[in-house]
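Geometric and topological summary
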Amino acid sequence: MDSSRGPGSIPQQPETRLVTSGRDTKAQRGFVNPPVVHGSTVLYPTAEDLHAHRGEFQYGRHGSPTTKALQEMLMALEGPECAGVGIAPSGLAAITTALLSVLKAGDHLLVCDNVYRPSRNFCNGLLARYGVETTFFDPLIGAGIERMFKPNTRAVLVEAPGSQSFEMTDIPAIAAVAHARGALVIDDNTWATPLYHRSLEQGVDISLQAATKYIGGHSDIMFGTISANAKAWPSVLETIRLLGVCAGPDDVFLALRGMRTLAVRLAQHYRSGLEMARWLEHRPEVARVLHPALESDPGHAIWRRDFTGASGLFSIVLKPAPQKAVDALLDSVELFGMGFSWGGFESLVIPFDCSNYRTATKWVPGGPTLRLHIGLEHVDDLKADLERGFAAFNAVLAG
Ligand SMILES: *Cc1c(COP(=O)(O)O)cnc(C)c1O
């Protein structure tokens, strides 16, 4: 089926596909949403069907009407390059499953230095133990990645922008080199989602979502998805089956429900995030705002070319200040909660420091760094909250 088309034959925009795909009201006996199917055993009507493993569903781990609905939605959103969608119990499980699907002992892997830290830990830990060598590269390397290739380089893992430091990587340039060398490209596309970055159309072979974030959108599930093109899908599916990777039906349903409102939520995160970023650029306490949709950002040209929007996650570098001042800021804000993860309806702030684990690049921001997630609260309230934080910050500086 042409996935740019809905159930009828009229071509649909992504916003419309999020509403129309993954449900069949007739089969659902008139109900708008697909059912949440809890199940392990699937009964076969005849011995012949059993011997032939015939039937739409065979066993709970391999899929259900609920997982099928979610997969159809994501395929419709990813576009015609998408040959299949795998479901994982967390974003990290999606990443590790994707890596295991393309690598074997003796292979070499290239990984962007700004990648999600647990992805790095998996490469340096389990992949190293199983005989895969990883080399980290500068996120700004572009076509220069050519010189990092070895005869046994099988895959490149990218993440744009990096979810702490927000450098933009030139994914099409890297994909061109990788494909010429017979390697596959895996993209952690959690920040932009397929709505704002069509990675599979830009040369990526496997596009990942920590669906815990914007797909779920309500900070109430752990979930991951693996979207693959025709070249990568058979081995992704095989690896999912070999590992026994699957997710519970309630979480699948919550991810599916989250996707129905993804377009409106993201549009608001984009608008509010950019407004907060511009406001922060003018605060005297802030040295730099790391947000690729800002014209002042070094990654802006790539973002403009390859992305159609931005989410609500970005970082700021504060003017040099003691930890005590930063802690006073963190302790005095009320709307910005302190906690890991992001992509939910609520605003978050978290201090971070990439300097102690990067290997291919040096991270010298020149001041304390904070990552902000701009939620769905009114921006005036968020500004007032941060003003309270800056007042506490300045009070400590003034001694
Ligand atoms: C959160 C996150 C993940 C991991 O997702 P989990 O669902 O927490 O396992 C992977 N990549 C990025 C960029 C993330 O922010």
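Starting afresh in each chain, residues are numbered from 1 along the sequence in its written order. Restriction of local features to residues with pLDDT of at least 70 applies here, the model being predicted, together with a cutoff of 80 or more for giving and counting side-chain atom pairs; totals for whole chains, interfaces and linings are based on all residues. Heavy atoms from the whole structure form the basis of all side-chain values; hydrogens and water molecules are not counted.

Side note on the overall build of the chain
Only DSSP runs of H or I covering at least 4 residues are called helices, and only runs of E covering at least 2 are called strands; the numbering of each starts at the N terminus. Scanning the chain for helices and strands turns up 13 helices and twelve strands. Each of the three principal axes of the chain carries a C-alpha extent, and together these read 80 × 55 × 35 Å. Any two residues whose heavy atoms approach within 4.5 Å at even a single point are treated as in contact. The long-range share in the chain, meaning contacts at least 24 apart out of those at least 6 apart in sequence, stands at 73%. As displayed, the chain has an accessible area near 17200 Å², and 56% of this comes from carbon and sulfur atoms. Treating the 36 positive side-chain charges of the chain as one cloud and the 41 negative ones as another, the clouds have centres 3 Å apart. Here, Shrake-Rupley sampling with a 1.4 Å probe gives the accessible areas, and only protein chains in the shown set may cover a residue. Neither His nor the chain ends contribute to the count of charged residues, in which Lys and Arg are positive and Asp and Glu negative. A charge is said to be at NZ when it belongs to Lys, at CZ for Arg, at CG for Asp and at CD for Glu.

Here's the deal with the pattern of salt bridges
Should a side-chain nitrogen of Lys or Arg be within 4 Å of a carboxyl oxygen of Asp or Glu, the pair is scored as a salt bridge. Scanning the entire structure with this criterion turns up 19 salt bridges. The residue Lys68 makes a salt bridge to Glu72 at a minimum N-O spacing of 3.6 Å. Pair noted here: Lys68 and Glu72 are both in helix α3 (residues 65–78), with a separation of four residues, about one helical turn. Among the ionic pairs, Lys104 bridges to Asp107, the shortest N-O distance being 3.1 Å. Via salt bridges that share partners, Glu48, Asp49 and Arg54 belong to a single interconnected network.

Things to note about the confidence of the model for the chain
Values of pLDDT, which run from 0 to 100, indicate the predictor's confidence residue by residue. With 98% of its residues at a pLDDT of 70 or more, the chain has an overall mean of 96. Predicted confidence for residues 1–6 stays below pLDDT 50, and this span has eleven contacts to residues more than four positions away or in other chains.

Concerning the site of the ligand
We call a residue near a molecule or strand as soon as one heavy atom of that residue lies within 4 Å of the molecule or strand. Contacts to the ligand come from 14 residues, most closely from Gly91, Leu92, Asp188, Thr212 and Lys213. Identification of polar contacts relies on pairs of N or O atoms within 3.5 Å, with a donor-acceptor requirement for protein atoms, meaning one able to donate a hydrogen and the other able to accept it, and with residues adjacent in sequence counted only if both atoms are side-chain atoms. Thr212 is positioned with one of its side-chain polar atoms (N or O) 2.5 Å from an oxygen atom of the ligand. Taking 380 Å² as the accessible area of the ligand by itself, protein coverage stands at 92%. With three residues, the single largest contributor to the shell around the ligand is helix α4 (residues 91–102). Residues were grouped as follows: Ala, Val, Leu, Ile, Met, Phe, Trp, Tyr, Cys and Pro as nonpolar; Asp, Glu, Lys and Arg as charged; and all remaining residues, including Gly, as polar. Class assignment of the residues belonging to the shell around the ligand gives a composition of seven nonpolar, four polar and three charged.

Here we look at the domain arrangement of the chain
An automatic or database domain assignment supplies the start and end points of every domain. Partitioning the chain into structural domains gives domain 1 (12–260) and domain 2 (263–398). With centres defined by C-alpha atoms, the gap from domain 1 to domain 2 works out at 28 Å. Facing 39 residues of domain 1, the contacting portion of domain 2 comprises 39 residues. We define buried area as the total accessible area lost by two parts upon association, computed with a 1.4 Å probe and summed across both. Carbon and sulfur atoms supply 58% of the area that domain 1 and domain 2 bury against each other, a total of about 3400 Å² over both sides. Broken down residue by residue, the surface that domain 1 buries against domain 2 is led by Trp191, Tyr196 and Tyr214, which jointly contribute 26%. Viewed at the interface, domain 2 and domain 1 are joined by two salt bridges. Among the salt bridges present, the one from Asp170 reaches Arg305, with a minimum N-O distance of 2.7 Å. Seen at the junction of domain 1 and domain 2, the total is 24 residue pairs in polar contact (both at pLDDT 80 or more).

Side note on the packing of aromatic side chains
Under the pairing criterion, centres of Phe, Tyr and Trp rings, with the six-membered ring standing for Trp, must be within 6.5 Å; the plane angle then separates stacked pairs below 30 degrees from edge-to-face pairs above 60, leaving the rest tilted. Here the structure, examined in full by the defined rule, presents five aromatic pairs. Ring geometry for Tyr214 against Trp342: centres 5.6 Å apart, planes inclined by 70 degrees, an arrangement best described as edge-to-face. Taken together, the residues span a long stretch of sequence, with Tyr214 in the loop between β6 (206–210) and β7 (224–229) and Trp342 in the loop between β10 (337–338) and β11 (348–351) at a distance of 128 residues. Among the residues examined, Tyr214 registers a relative accessible area of 1% and is labelled buried. Trp342 gets classed as buried once you look at its relative accessible area, which sits at 6%. Burial classification: accessible surface area is computed with a 1.4 Å probe over protein chains only, and a residue below 20% of its type maximum counts as buried, one above 50% as exposed, and the rest as partly exposed.

Regarding the pairing of strand β5 (residues 184–188)
By the criterion of burial, β5 is predominantly enclosed, with five of the five residues buried. The alternating pattern of β5 places Leu184, Ile186 and Asp188 on one face and Val185 and Asp187 on the opposite face, and all of these are buried. Note: two strands are recorded as paired if DSSP finds a minimum of 2 bridges between them. In this structure, strand β4 (residues 153–158) lies alongside β5, joined through four bridges in parallel fashion. By the bridge assignment for β5, Val158 is matched with Asp187. When the strands point away from the viewer and the connection leading from the first strand across the helix to the second strand turns clockwise, the crossover is called right-handed. As for the winding sense of the linkage, the β-α-β connection from β4 through helix α6 (residues 171–180) to β5 is right-handed. Inspection of the sheet shows β5 paired to β6 by three bridges, in the parallel sense. Bridged to Asp187 within β6 is Ser207.

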